[in-house]
There are 2 protein chains.
Amino acid sequence: MNKIPLKEKYPLLPREERTGLLIVNTGNGKGKTTAALGVLLRAAGYDMKIAMFQFIKSSAALSNGEHIAAKELGINIIPLGDGFTWLSENIEEDKKLAEEGWKLVAPALQSDEYDVVILDELTYPLTFGWLDKNAVIQAIKNRPKGMHVIATGRNAPPELIEAADLATEMHLIKHPFREKGIGAQAGIEL
Amino acid sequence: MNKIPLKEKYPLLPREERTGLLIVNTGNGKGKTTAALGVLLRAAGYDMKIAMFQFIKSSAALSNGEHIAAKELGINIIPLGDGFTWLSENIEEDKKLAEEGWKLVAPALQSDEYDVVILDELTYPLTFGWLDKNAVIQAIKNRPKGMHVIATGRNAPPELIEAADLATEMHLIKHPFREKGIGAQAGIEL
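Treat the numbers as computed from the prediction; the structure is a model and nothing was measured.

Visitor: What exactly am I supposed to notice about the environment of R18 of chain B here?
Guide: Take R18 of chain B: it is sitting in the segment before β1 (22-26). For the pair R18 of chain B and E93 of chain B, spaced 75 residues apart in sequence, the C-alpha separation works out to 39 Å. If we skip the residues at most four places from it in the chain, R18 of chain B touches Q185 of chain A together with L12, L13, M48, D115, K145, G146 and H148 of chain B. In terms of polar contacts, R18 of chain B uses its side chain to reach the backbone carbonyl oxygen of L13 of chain B, at 2.9 Å.

Dropping the structure here:
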């Protein structure tokens, strides 16, 4: 019989003894952001300090389930599009918005404050050229040694995969919206 | 430019107006259970009633991060291996354990109590023949219409995929344990 690892008891090591991972969730399927939220839940259970930034989200997302529940756990999920609109007709506006967001993200990646930093949908600013890909990846590499970083989004650039310790492709097998015309539902996708 | 859907505001519909989804997270990569935990977080944000059962886990898992944080949100994650050991040398023992677990799961799938039922690592009891695959899938199909069910685990049987509304394969691109000899870490994988 195949062995299934029974992962049950692992103590939380002091930060300086941890190996901070860069985790990348990419692919055309569901579960990229959702799996990042699952890590947020786990890490919250260990009272780790977590920062989650969301590109491609505006403050309208603050009423979503993950924002509300994370707040109950003492974690603020920060949409970086507050007051602006992503994916406008004007790429310069998106670029400016991403750059403003990066001004919040970059210090978080350098600080000793966080155990886990989640960069939700980071791949879009990289792919669309709103942020300097090499500078972003270098900033991630230069983070404190014990900090875990999770980056999500479709079409992760090869350089990001190359820098990752753990990379997963979420591959769509079946999708209710496409197959049956069912839209996104609160509590499941939002 | 590619359109990225800005999924921000979706109201929680009354249960009778929801389309309960069967979501299957399978594949050899990370993120199957983790994405289910992410849905748990979202659903908790909407005050939905959630039951999460874990095959292939014993009560030792109760000290893991997801258990602690879920409890803070008022949700009990229930390991079905309490007092026994999964994957013993004796398949009859595993079978008996799975059957005992199923006696807790089956009523939950029939009741009106839950908005979301998560069956973590369900695929193993199905694949190893500890539970009757057809009976389990039929029980899932017969659930109340508005109930969402999430099943996780490698090698999901084709019949389970067939029954699913949304199926995702988590595909391993890179893994730190394999590539660099880094083991599972608290707060991230546990």
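After that view, the rundown keeps rolling.
Visitor: It is not clear to me how the packing of helix α1 (residues 32-45) of chain A against helix α1 (residues 32-45) of chain B should be interpreted in this structure. Could you clarify?
Guide: Any two packed helices are characterised by the angle at which their axes cross and by the distance between the axes. It is at 6 Å that the axes of α1 of chain A and α1 of chain B come closest, and there the two elements cross at 80°. Taken together, the axes of α1 of chain A and α1 of chain B are roughly perpendicular relative to one another. On the side of α1 of chain A, the interface is formed by T33, T34, A35, L37, G38, V39, L40, L41 and R42 of chain A, while α1 of chain B contributes T33, T34, A35, L37, G38, V39, L40, L41 and R42 of chain B. Here the residues of the contact of α1 of chain A with α1 of chain B sort into ten nonpolar, six polar and two charged.

Visitor: Could you clarify how one ought to interpret the interface of chain A and chain B in this entry?
Guide: Interfaces are frequently sized by the accessible area removed from exposure as the parts join. Counting from both sides, the interface comprises 77 residues of chain A and, opposite them, 77 residues of chain B. When chain A packs against chain B, close to 7100 Å² is buried across both sides, 65% of that on carbon and sulfur atoms. The tally of links from chain A across to chain B stands at two salt bridges. Of the charged contacts in the structure, one is a salt bridge between R42 of chain B and E66 of chain A, with a shortest N-O distance of 2.9 Å. Connecting chain A to chain B are 22 residue pairs in polar contact (both at pLDDT 80 or more). Looking at the side of chain A that touches chain B, the elements that each hand over two or more residues are β1 (22-26), α1, α2 (65-72), α6 (158-163), β6 (166-174) and α7 (176-180) of chain A.

Visitor: Looking at this structure, how should I read the packing of aromatic side chains?
Guide: Note on aromatic pairs: each is described by the distance of the centres and the angle between the planes. Within this structure, the stated rule accounts for four aromatic pairs over all chains. For the pair Y124 of chain A and F128 of chain A, a centre-to-centre distance of 6.2 Å together with 40° between the ring planes defines the contact as tilted. Ring plane angle 55° and centroid distance 5.2 Å describe the contact between F128 of chain B and W130 of chain B, whose orientation is recorded as tilted. Feature note: the residues Y124, F128 and W130 of chain A constitute an aromatic cluster, connected by ring pairs.

Visitor: Which parts of the structure should I look at to understand the pattern of salt bridges?
Guide: If charged atoms from side chains of opposite charge come close, those side chains can pair. Residue and element names in this part refer to chain A. Evaluation of the coordinates by the stated rule reveals 15 salt bridges over all chains. Between D115 and R18 there is a salt bridge, with the nearest N and O atoms lying 2.5 Å from each other. With D115 in the loop between α3 (91-110) and β4 (116-120) and R18 in the segment before β1, the pair connects residues that are 97 residues apart, well separated along the chain. Take D115: its relative accessible area is 5%, and that puts it in the buried class. For R18, a relative accessible area of 7% gives the class buried. If you follow the salt bridges from partner to partner, you end up with R15, R18 and D115 in one network.

The rules we used
- Residues numbered from 1 in each chain as written.
- Chains lettered and ligands numbered in written order.
- Predicted model: local features only at pLDDT ≥ 70, side-chain atom pairs only at ≥ 80, totals over all residues.
- Heavy atoms only, no water.
- Helix = DSSP H or I, 4+ residues; strand = E, 2+ residues; numbered from the N terminus.
- Contact = heavy atoms within 4.5 Å.
- Polar contact = N/O pair within 3.5 Å; in protein donor to acceptor, adjacent residues only side chain to side chain.
- Axes fitted to C-alpha atoms, helices over the stretch in contact; angles between N-to-C directions.
- Parallel < 35°, antiparallel > 145°, perpendicular 65-115°, else oblique.
- Nonpolar A, V, L, I, M, F, W, Y, C, P; charged D, E, K, R; others polar.
- Buried area = accessible area lost by both parts, 1.4 Å probe.
- Salt bridge = Lys/Arg side-chain N within 4 Å of Asp/Glu carboxyl O.
- Phe/Tyr/Trp six-rings, centres within 6.5 Å; stacked < 30°, edge-to-face > 60°.
- Buried < 20%, exposed > 50% of the residue type's maximum accessible area, 1.4 Å probe, protein only.

The values reported here are purely geometric and, on their own, carry no functional implication.
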